[in-house]
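Each chain is listed here by its residues.
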Amino acid sequence: FGELSNREAVMTFRTIVALLAVVAIAACGGAATEEEVEVVQESPLDDAAAVAAMIDEYVLHYNMGHASMAVDYATDGVLLGADGSVVRTAEARLAGAEAAMEFSPELAITTGGVIVLGDDAVAHGSYSVSVTPEGAEPVTSTGNWLSRLAKVDGDWKWAVSLINYDTAPPEGLTEPVVEEREGSGEGVELLEELSGYYETHFNMGHASVVASRYAEDAVAALSGQPKLEGRAAIEENMAARMEALGNPQLKHYVGGARELGDGFVFGGGRYEMTSDSGNATGWFLVLARPDEDGNLQIHWNASNGLPAGN
């Protein structure tokens, strides 16, 4: 992230990183062409092209400093920032975007996949956002994102998004505020079953059993780590993390879920994890679909998180 020479510069750095963590992908959009978007679910070409075009337009306006126009590409849905923040309104998004744009950020985003299901779509990818404070080296934040989009009056908009860091989070961020919300949505029971199975076997150290609930070609973008592709890579990583953490104990709190059609369920919530090496809390989002036995399998998931109560 570059080096700064005094306390004031360090505080400026932390302010910039915190802002970027919240609004670098103010709606988890990004630059992508139709050719770059992997359409993994058969869908009308005009919808796939419209999603890609909206992503291009979002990044264009963001990098030009058009805060209000960038925020117009989002609904009043939820943005779960890499710093553990929760943004729920257009007004909050606009305030964050305006604050970050004072530092003239340069945003670049890749889109790894898009699934279009009627008036809903789910997409994932990665991002990089950089600023150069006066008299200092460039500050860059990188990570991954997962989003649900909604078609509103014929236009695609970002509805629910999660952003994370793909390396250890910077120091100086505030511990996330814990929100207690009762789960809601037609897919909550399905997601709660999946989450319960996941945490039970994770807490017993059964990496292979947990990984069995991932699709063969699943993508996992977990907090503080590079993106993982494929069940085998996810299982190997999970086993290594369990050993490194030392007796990790995980608890999920499902906050909401939505059935999108063709069997897909999208939802998420908050998690807490304790371990011998420290505690953490954060947010997660999941796109899942039943397998031949009717058990939900994770196709894409993402989490963010910061140290908590250590």
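Parameters and conventions
- Residues numbered from 1 in each chain as written.
- Predicted model: local features only at pLDDT ≥ 70, side-chain atom pairs only at ≥ 80, totals over all residues.
- Heavy atoms only, no water.
- Pairing = 2+ DSSP bridges.
- Helix = DSSP H or I, 4+ residues; strand = E, 2+ residues; numbered from the N terminus.
- Contact = heavy atoms within 4.5 Å.
- Axes fitted to C-alpha atoms, helices over the stretch in contact; angles between N-to-C directions.
- Phe/Tyr/Trp six-rings, centres within 6.5 Å; stacked < 30°, edge-to-face > 60°.
- Buried < 20%, exposed > 50% of the residue type's maximum accessible area, 1.4 Å probe, protein only.
- Lys NZ or Arg CZ within 6 Å of the ring centre and 35° of its normal.
- pLDDT = per-residue confidence, 0-100.

A. Structural view of the sheet that holds strand 12 (residues 296-307). Taking strand neighbours across the sheet as the criterion, the 6 strands line up as 8-7-12-11-10-9 in an open arrangement whose pairing is mixed. Both outer strands of the open sheet, strand 8 (228-229) and strand 9 (249-261), are each paired with one neighbouring strand and no more. Summarising the sheet, strand 7 (residues 214-221) and strand 8 pair through 2 bridges and their orientation is antiparallel. Across the sheet, Ala220 pairs through a bridge with Leu228, a residue of strand 8. Contacting strand 7, strand 8, strand 10 (264-274) and strand 12, helix 7 (residues 231-245) crosses the sheet at an angle of about 55° to strand 7.

B. Expanded view of the packing of aromatic side chains. Here the structure, examined in full by the defined rule, presents 5 aromatic pairs. Here Tyr58 and Tyr73 contribute two aromatic rings whose centre-to-centre distance is 6.3 Å and whose plane-to-plane angle is 85°, an arrangement assigned as edge-to-face. Note that Tyr58 is positioned in helix 2 (residues 45-63) and Tyr73 in the loop between helix 3 (67-71) and strand 1 (74-80), a separation of 15 residues in sequence. The burial state of Tyr58 is the same as that of Tyr73; both residues are buried. Site record: aromatic cluster; members linked through ring pairs are Tyr58, Tyr62 and Tyr73. Of note, Arg213 hangs over the ring of Tyr197, and the distance from its end group to the ring centre comes to 4.6 Å. Sitting over the ring of Tyr253, Lys251 keeps its end group 5.9 Å from the ring centre.

C. Representation of the confidence of the model for the protein chain. On average, residues of the protein chain score 82 in pLDDT, and 81% of them reach the 70 mark or higher. Low pLDDT, under 50, characterises residues 1-37; the predicted model gives this stretch 106 contacts beyond four residues in sequence or across chains. Segment residues 39-45 is flagged for pLDDT under 50; beyond a separation of four residues in sequence, or across chains, it makes 16 contacts in the model.

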